[in-house]
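# Topology and contacts: notes
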Amino acid sequence: MLLPFAQSEDVTLKQAQIISAAIMKTSLSNAHAGAAIYELLDLPYSGPLNVILKVFVDKKLALPQIIVQKLVDWFMSFKSNKVEQVPVLWFQTLLSFCKLYKSKLSRAHKRGER
């Protein structure tokens, strides 16, 4: 249900916030949440996608290293895209990710290398 919703081009931020509230209150296994995050990171960036990713990051899941690496790659992709302005929500997601998963990040990740 989540992936077709996130893939839709006409999803609003309000709809993403409603789905995110349901995700936050739902108990998910680490494997299912990790699989959802993995698939979401392959989608093109959008505000609603970022809202959903932030909720998954804020759930404080014990994500496997491969998912953490994919999240790092996703954040680093914005560095190479030379985006004019990155939304505040993106920075909030990055901050939550760094706070919660700093112990899983290598020195290369912390220096901004891939």
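Below is a summary of the structure that appears in this document. (Residues numbered from 1 in each chain as written. Predicted model: local features only at pLDDT ≥ 70, side-chain atom pairs only at ≥ 80, totals over all residues. Heavy atoms only, no water.)

The full count for this structure, using the stated rule, is 2 salt bridges. When the shortest N-O distance is used, the salt bridge between Asp58 and Lys54 registers 2.8 Å. Of this pair, Asp58 and Lys54 both sit in helix 4 (residues 47-58), separated by 4 residues, roughly a single helical turn. Asp58 gets classed as partly exposed once you look at its relative accessible area, which sits at 24%. On the basis of relative accessibility, which here comes to 17%, the residue Lys54 falls in the buried class. (Salt bridge = Lys/Arg side-chain N within 4 Å of Asp/Glu carboxyl O. Helix = DSSP H or I, 4+ residues; strand = E, 2+ residues; numbered from the N terminus. Buried < 20%, exposed > 50% of the residue type's maximum accessible area, 1.4 Å probe, protein only.)

Turning our attention to the side chain of Lys59. Along the chain, Lys59 turns up in the loop between helix 4 and helix 5 (65-81). Salt bridges are absent for the buried Lys59, whose nearest opposite-charge side chain, Asp58, sits at 10 Å. Only 3.3 Å separates the side chain of Lys59 from the backbone oxygen of Met24, close enough to count as a polar contact. Contacts of Lys59, omitting those with residues within four sequence positions, involve Ile23, Met24, Thr26 and Leu28. (Lys, Arg positive; Asp, Glu negative; His and termini not counted. Polar contact = N/O pair within 3.5 Å; in protein donor to acceptor, adjacent residues only side chain to side chain. Contact = heavy atoms within 4.5 Å.)

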